[in-house]
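# Observations on chain architecture
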Amino acid sequence: MMGPSHALSGAAAWLAGSWALDQFADYHQTPLMIGVGTAMAAGGALLPDFDLSGKVTTNQGGATVARTFGVFSLFVAEVIEKISLGIYAATRQKRDPRRDHGHRTFTHTLPFAGLVGWGTTALAAHYGKWAVVGIIFFMAGLALRGLFEKWAERAGWLIVTLAAGGIAWFTAANLPGDRGYPLLGFAVGAGCVVHLLGDMITKNGVPIFWPIPTGRNRMWRMVGIPNKFAVKVGGKTETVVLTTAFTIISCVSLVGLFAPALLERLNLDVWASK
């Protein structure tokens, strides 16, 4: 799947999950918490594609996420791609094909999603509010790049960076201190898992079972749905059907989360005026 679809799927999954927790587990979140969690999940749904690097010197190529912060993020993507390729080369078995790039290898596995989620929570817990602000800055930039791709392309990476900084500043001014914010890591990890599920419905699949051997002399088997049912990357099924479905899920979830409180406040205002 393409970057915008991944980001929107992460946002939809988080909003739907927040609504479900609100309805069935009586777990309520403030609008700021919901907004931050949605941004974390949308950004997390782009993180696995940091293994698709581009041309750092010309600020070209790479995945959507790799161009978020210009040459800086392209350089990070180059490093992650090489690390992913190194992990593949070090763990591949005889029947695993040789590769000359690291895309859809280590960052497209469940251990990566777990590691990123745990690392995010550990940073927030150990370093406190300012680590949280830094995490939100980075992830909000990714979310903006994915959810508003056309705007981000026109505005350029510097404007995206400034916008992410504004979101981080607003968060710093409104989030309470002295908390670990464990949901941040959960949101980022959940976004990564949603990315894997999205890629599993495309033709190439992902090595989601790594590092569990999948057959004789195989470690990196790509797992996905049968090719005849696979979604074409960038095709109408993705850009129209799935995008529409994710948008509807997001909007319905938002209504479910905020409409009851708004109606209650409206009723109170009506009674107060009588």
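Residues numbered from 1 in each chain as written. Predicted model: local features only at pLDDT ≥ 70, side-chain atom pairs only at ≥ 80, totals over all residues. Heavy atoms only, no water.

The name recorded for the protein in an unreviewed UniProt entry is Membrane protein, from Actinoplanes cyaneus.

## As for the packing of aromatic side chains
Given two aromatic rings, one states the distance between the centres and the angle between the planes to describe the pair. Applied cut-off: Centre distance within 6.5 Å is the pairing criterion for rings of Phe, Tyr and Trp, where only the six-membered ring of Trp is used; planes under 30 degrees apart are then read as stacked, over 60 as edge-to-face, and the remainder as tilted. A run of H or I in DSSP counts as a helix once it spans at least four residues, and a run of E counts as a strand once it spans at least two, with each numbered from the N terminus. Exposure categories follow from relative accessible area, calculated using a 1.4 Å probe and restricted to protein chains: below 20% of the type maximum is buried, above 50% is exposed, and the middle band is partly exposed. We count a charge as sitting over a ring when the NZ of a lysine or the CZ of an arginine lies within 6 Å of the ring centre and within 35 degrees of the ring normal.
Under the counting rule described, the total for this entry stands at 10 aromatic pairs. A centroid spacing of 5.8 Å and a plane angle of 25 degrees characterise the contact between Phe69 and Phe138, whose relative ring orientation is stacked. Highlighted residues: Phe69 in the loop between strand E2 (60–61) and helix H3 (71–91) and Phe138 in helix H5 (residues 129–147), separated in sequence by 69 residues. The partly exposed category is assigned to Phe138, whose relative accessible area is 31%. A centroid spacing of 5.1 Å and a plane angle of 50 degrees characterise the contact between Tyr88 and Trp220, whose relative ring orientation is tilted. Of this pair, Tyr88 sits in helix H3 while Trp220 sits in the loop between helix H8 (182–200) and helix H9 (236–273), and the two are 132 residues apart along the sequence. Both residues of the pair, Tyr88 and Trp220, belong to the buried class. Put simply, the rings of Tyr88, Phe106, Phe112, Trp210 and Trp220 pair up and form one aromatic cluster. In this structure, Arg99 is placed above the aromatic ring of Tyr88, and the distance from its NZ or CZ to the ring centre is 5.4 Å.

## Describing the nonpolar core
Heads up, the rule is: In this description, a nonpolar core means a group of buried Ala, Val, Leu, Ile, Met, Phe, Trp, Tyr and Cys residues linked to one another through side-chain atoms lying within 4.5 Å. Contacts were defined at the residue level, with two residues in contact if any of their heavy atoms lie within 4.5 Å.
Counting 38 residues, the largest nonpolar core has Met40, Leu47, Val132, Met139 and Leu142 as its most contacted members. Mapped by element, the contributors of at least two residues to this core are helix H1 (3–24), helix H2 (31–44), H3, helix H4 (110–127), H5 and H8. Residue contributions to this core peak at 6 residues, all from H5. With sequence-adjacent residues up to four places away left out, Leu142 is seen in contact with Gly43, Leu46, Leu47, Phe50, Val65, Thr68 and Phe69. Met1, Val231, Leu242 and Phe246 belong to the second largest nonpolar core, which has 6 residues in total.

## Focus: a nonpolar patch on the surface
To keep things clear, this is the line we draw: Residues form patches when they are more than 30% accessible in relative terms and have no salt bridge. Like charges link within 9 Å. Nonpolar side chains (Val, Leu, Ile, Met, Phe, Trp, Tyr) link within 5 Å. Residue-level accessible areas treat just the shown protein chains as cover; the underlying method is Shrake-Rupley with a 1.4 Å probe. What counts as a salt bridge is simple: a side-chain nitrogen of Lys or Arg found within 4 Å of a carboxyl oxygen of Asp or Glu.
A cluster of nonpolar side chains, Val71, Phe72, Leu147, Phe148, Trp151, Trp157, Leu158, Ile159 and Leu162, forms an exposed patch at the surface whose accessible area comes to about 820 Å². Elements with a contribution of two residues or more to the nonpolar patch: H3 and helix H7 (157–174). Among the elements that make up the nonpolar patch, the one with the highest residue count is H7 (4 residues). Within the fold, Leu147 resides in helix H5.

## A look at the packing of H4 against H5
Put simply, the rule reads: Fitted lines through C-alpha atoms serve as axes, helices being fitted only where they are in contact, and the angles separating the N-to-C directions of these axes extend from 0 to 180 degrees. Any residue that is not Ala, Val, Leu, Ile, Met, Phe, Trp, Tyr, Cys, Pro, Asp, Glu, Lys or Arg is counted as polar, Gly included; the first ten are nonpolar and the last four charged.
Where H4 contacts H5, the axes come no closer than 6 Å and their chain directions differ by 145 degrees. Taken together, the residues of H5 that come into contact with H4 (itself represented by Thr120, Leu123, Ala124 and Tyr127) are Lys129, Trp130, Ala131, Val132 and Ile135. Its residues assigned to classes, the contact of H4 with H5 shows 7 nonpolar, 1 polar and 1 charged.

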